[in-house]
Amino acid sequence: MTTTTRTFLDGNFAPVTEEVTTVDLPVAGDLPAELAGRLLRIGPNPMRPPDPDTYHWFIGDGMVHGVRLRDGRAEWYRNRWVRGDDVVNTHVIGVGGRTFALVEAGGRPVELTDELDTIGSCRFDDTLDGSYSAHTHRDPATGLLHAVTYHWSWDHIRHVVLGPDAHVRREVRIPVPDGPSVHDCAITERFVVLFDLPVTFSMDAVSGGALFPYRWNPDHPPRVGLLPLDGDPDDVRWFEAPSCYVFHTLNAYDDVSDDVSEDGRDRVVVDVVRHPRMFATVLNGPDEGDPVLERWTLDLVTGTLSTETLDDRGQEFPRIDERRTGRPHRYGYGAGFGRGVEHGPALKHDLAAGTSAVHDYGPGRVTLEPLFVPRSPDAADPGAVEDDGWVMSYVYDASTDRSDVVILAAQDFTGDPVATIHLPVRVPFGFHGSWVPDA
Ligand SMILES: [Fe+2]
């Protein structure tokens, strides 16, 4: 075992003990006046000190953090526990003017107020039957949110589509064996990309007392499926995949040409963060080798999947300019850690040039998931240019034991931040978040 339980309870993984409200935060630099909304994020933050021998990072009570920006000011910072029926700790999103905290594998979404207090557990006004997912992908052409959901007791996974009104529009059940853990999906203009990888529900883990009951399962054949966006289960086309685990996709898109000079190709490209394996040993969080950025190309003519390493440095939490969701993307952003990166920098990949830029926040300063926030949120805006906007993240500073929100100009990624908002407390390392612009 290379990691002890305490790793995910120590340092900035440790929970904070108070809910805080602070107004008029100090800002270094100039907050862009275009930024009107809330920068939200969420992660595990046990309400009571957990037993370090049984704690798993994925099961800690959720706490949501937010900073509200308007008129060039940082109006407030708030952190609040998510008080649902279950542990909900993995993502927080805005849909239809409402705010939802999300988790996978069975816990119901929790609706929050604009100021992050819990309204209650919900099933999207009773339109959701069963589990939801932490990861949604909004099709910029339709405004529909696509997700793939699972539950240990199901013999299938589900493609669930949420409308812009936060009501479920579609639910399709795709049979799969062994109860795989499906953390994320991807979409293209034609397909939902399904991941059926060898981390599956383990009754042995349950009977052994594990609170997180998913384990590496080398007997489960890894595969990736393409389900047409409005297709039936019988329409899924499966591709043999490498033995590995993928929590997160950066993006996916169709690569189709009838031009014989280009070999008349029909492909789907999926960029993923690939872990060599996951939960093969009884660790208390994911730590089984550096995750790297890979391009998986699914060839619909030959029925094969090929892989290409895009960046072999350790990294996670990939994000794009979401106006490009399901469309060819040039840029990707992520958090660097592990092999080949020092401190906790943000990474920006230029996948056309084959280069990556590193923003080092300084010694002892570590970024959480960096988000791209576009200058113009409307993908149909003729002036919308990929990468025109800001990269925003919560950055932990070990020397002060507090966190900042740091805003970079995406097109001056290695330059000095545009603005740094100083928070009175630290924001523990956690999972995901969203920029929710004012309606
Ligand atoms: Fe995730």
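Participant: Hey, could you run me through the sheet that holds strand E22 (residues 292-299) in this one?
Facilitator: For sheets, the rule is that strands pair by backbone hydrogen bonds, running either parallel or antiparallel. With antiparallel pairing, the 4 strands of this open sheet are ordered in space as E20-E21-E22-E23. The open sheet is flanked by strand E20 (245-256) and strand E23 (304-311), the only strands paired with a single partner. Within the sheet, the average angular offset between the axes of one strand and its neighbour, ignoring direction, is 25°. Relative to E23, E22 is paired through 7 bridges, and the arrangement is antiparallel. Paired with Arg295 across the bridge in E23 is Glu308.

Participant: Help me understand the sheet that holds strand E4 (residues 62-70), please; the structure alone is not making it clear to me.
Facilitator: Across the sheet, which stays open at both edges, the 5 strands sit in the order E1-E5-E4-E3-E33 with antiparallel pairing between neighbours. With partners counted over all chains shown, the strands left at the sheet margins are strand E1 (21-23) and strand E33 (433-437), one partner each. Averaged over all pairs of adjacent strands, the angle between strand axes in this sheet comes to 10°, irrespective of strand direction. Of the strand pairs in this sheet, E1 and strand E5 (residues 73-81) are connected by 3 bridges, and their pairing is antiparallel.

Participant: When you look at the packing of aromatic side chains in this model, what are you seeing that I'm missing?
Facilitator: Each aromatic ring pair is summarised here by two numbers: the centre-to-centre distance and the angle between the ring planes. Applying the stated criterion across every chain, the model contains 22 aromatic pairs. Considering the side-chain rings of Tyr150 and Tyr214, the 5.8 Å spacing of their centres and the 90° angle between planes classify their relative orientation as edge-to-face. Separated by 64 residues along the polypeptide, Tyr150 in the loop between strand E11 (145-149) and strand E12 (156-162) and Tyr214 in strand E17 (residues 214-216) bring together distant segments of the chain. A ring pair is formed by Phe247 and Phe279, whose centres lie 6.4 Å apart and whose planes are at 80°; its orientation type is edge-to-face.

Participant: I tried to follow the side chain of His135 on my own but got confused; where do I start?
Facilitator: Position of His135 among the secondary structure elements: in the loop between strand E9 (118-121) and strand E10 (137-138). Within the local environment of His135, its side chain forms a polar contact with the side chain of His248, the two groups lying 3.2 Å apart. Within the structure, His135 has its side chain in polar contact with the side chain of His432 (distance 3.0 Å).

Participant: I'm lost on the coordination of the iron ion in this one. Help?
Facilitator: Tetrahedral coordination by four donors sets the ideal angle at the metal to 109.5 degrees; octahedral coordination by six donors sets it to 90 or 180 degrees. Of the protein atoms, only His135 (NE2), His183 (NE2), His248 (NE2) and His432 (NE2) coordinate the iron ion, at distances of 2.0 to 2.1 Å. Note that the iron ion binds 4 donor atoms; their angles at the metal cover 93 to 161°, and the shape is irregular. Written as a sequence motif, the donor arrangement for the iron ion is H-x47-H-x64-H-x183-H. Of this pair, His183 sits in the loop between strand E13 (168-175) and strand E14 (186-187) while His248 sits in strand E20, placing them 65 residues apart in sequence.

Participant: Hey, could you run me through a nonpolar patch on the surface in this one?
Facilitator: On the surface, Trp152, Met203 and Val206 cluster together into a nonpolar patch covering about 310 Å² of accessible area. Among the structural elements, Met203 can be located in helix H1 (residues 203-207). Residue Met203 is classed as exposed on the basis of its relative accessible area of 52%.

Participant: Could you clarify how one ought to interpret empty space enclosed by the protein in this entry?
Facilitator: A probe matching the size of a water molecule, rolled over the atoms, marks out where space remains unfilled. For the structure on display, the rule yields 2 cavities of 30 Å³ or more. If you add up the space inside the largest cavity, you get close to 40 Å³. Every residue lining the largest cavity is listed: Arg41, Ile42, Gly43, Pro44, Asn45, Met63, His65, Val427, Pro428, Phe429 and Gly430. Of all elements in the fold, only strand E3 (37-44) and E4 reach the threshold of two or more residues within the lining of the largest cavity. It is E3 that contributes the most residues to the lining of the largest cavity, 4 residues altogether. For the lining of the largest cavity, a count of residues per class yields 6 nonpolar, 4 polar and 1 charged. Volume-wise, the second largest cavity comes out at about 30 Å³.

About the criteria used
Residues numbered from 1 in each chain as written. Predicted model: local features only at pLDDT ≥ 70, side-chain atom pairs only at ≥ 80, totals over all residues. Heavy atoms only, no water. Pairing = 2+ DSSP bridges. Helix = DSSP H or I, 4+ residues; strand = E, 2+ residues; numbered from the N terminus. Axes fitted to C-alpha atoms, helices over the stretch in contact; angles between N-to-C directions. Phe/Tyr/Trp six-rings, centres within 6.5 Å; stacked < 30°, edge-to-face > 60°. Polar contact = N/O pair within 3.5 Å; in protein donor to acceptor, adjacent residues only side chain to side chain. Donors = N, O, S within 2.8 Å, 3.2 Å for Na, K, Ca; no water. Tetrahedral: all angles 85-135°; square planar, octahedral: opposite > 155°, others 65-115°. Patch = residues over 30% accessible without salt bridge, like charges linked within 9 Å, V, L, I, M, F, W, Y side chains within 5 Å. Areas by Shrake-Rupley, 256 points an atom, 1.4 Å probe, with all protein chains shown as cover. Salt bridge = Lys/Arg side-chain N within 4 Å of Asp/Glu carboxyl O. Buried < 20%, exposed > 50% of the residue type's maximum accessible area, 1.4 Å probe, protein only. 1 Å grid on protein atoms, 1.4 Å probe; cavity = no way out; pocket = protein on both sides within 12 Å on 5 of 7 lines; lining within 4 Å. Points joined across faces, edges and corners; volume = space filled by probe spheres on them. Nonpolar A, V, L, I, M, F, W, Y, C, P; charged D, E, K, R; others polar.

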